[in-house]
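If you want the building blocks of each chain, they are given just below.
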Amino acid sequence: MRLRILKVTGNSMHPTLESGAFVLVMGFAINAKRFGIHWQQSLKVGDIVAVHHSRYGDIIKRICQIEYDDKRTITGLYLVGDNPSQSVSTEQMGRVEVEQVIGKVVWWVNG
């Protein structure tokens, strides 16, 4: 397990997370698949996660949809910002691979 503190920039997650807020992210090694279903089971729709997106860099968003394979292992996530007018849309972000997940936001402090 690895803990990281990240700083929120922008208003895409407002009012939940303000620009300048600090979040505590609980994650594991970059290759989440090798940790198997134990870590993945902790992810659910509505959770806030930090991910490394290939186009947008490190972003913090809310899970709005989860894709599973026939073994109930997570194969992909779809994310959304809490403030749609200030956020990249789910369609623009596209599907996020589980390997891109930095971790789950477990605590935050707004500025």
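Our subject is the structure listed above.
Keep in mind it's a predicted model, so treat the numbers as computed, not measured. (Residues numbered from 1 in each chain as written. Predicted model: local features only at pLDDT ≥ 70, side-chain atom pairs only at ≥ 80, totals over all residues. Heavy atoms only, no water.)

### Observations concerning the side chain of Thr-90
Tracing the sequence through the fold places Thr-90 in helix 2 (residues 90–93). The exposure class of Thr-90 is buried, given its relative accessible area of 18%. A distance of 2.7 Å separates a polar atom in the side chain of Thr-90 from the backbone oxygen of Leu-79. Setting aside residues up to four positions removed in sequence, Thr-90 forms contacts with Cys-64, Tyr-78, Leu-79 and Val-80. (Helix = DSSP H or I, 4+ residues; strand = E, 2+ residues; numbered from the N terminus. Buried < 20%, exposed > 50% of the residue type's maximum accessible area, 1.4 Å probe, protein only. Polar contact = N/O pair within 3.5 Å; in protein donor to acceptor, adjacent residues only side chain to side chain. Contact = heavy atoms within 4.5 Å.)

### Here's the deal with the nonpolar core
Counting residues in hydrophobic clusters, the biggest one holds 13 residues, and the most contacted among them are Leu-43, Val-49, Val-51, Ile-63, Ile-74, Leu-77 and Leu-79. Counting only elements with at least two residues in this core, the list comes to strand 3 (48–53), strand 4 (57–68) and strand 5 (74–80). Apart from residues lying up to four places away in sequence, Val-49 is in contact with Leu-43, Ile-59, Ile-60, Lys-61, Ile-63, Leu-79, Gly-103, Lys-104 and Val-105. By size, the runner-up hydrophobic cluster in this structure holds twelve residues, among which are Val-8, Met-13, Leu-17 and Val-23. (Core = buried A, V, L, I, M, F, W, Y, C linked by side-chain atoms within 4.5 Å.)

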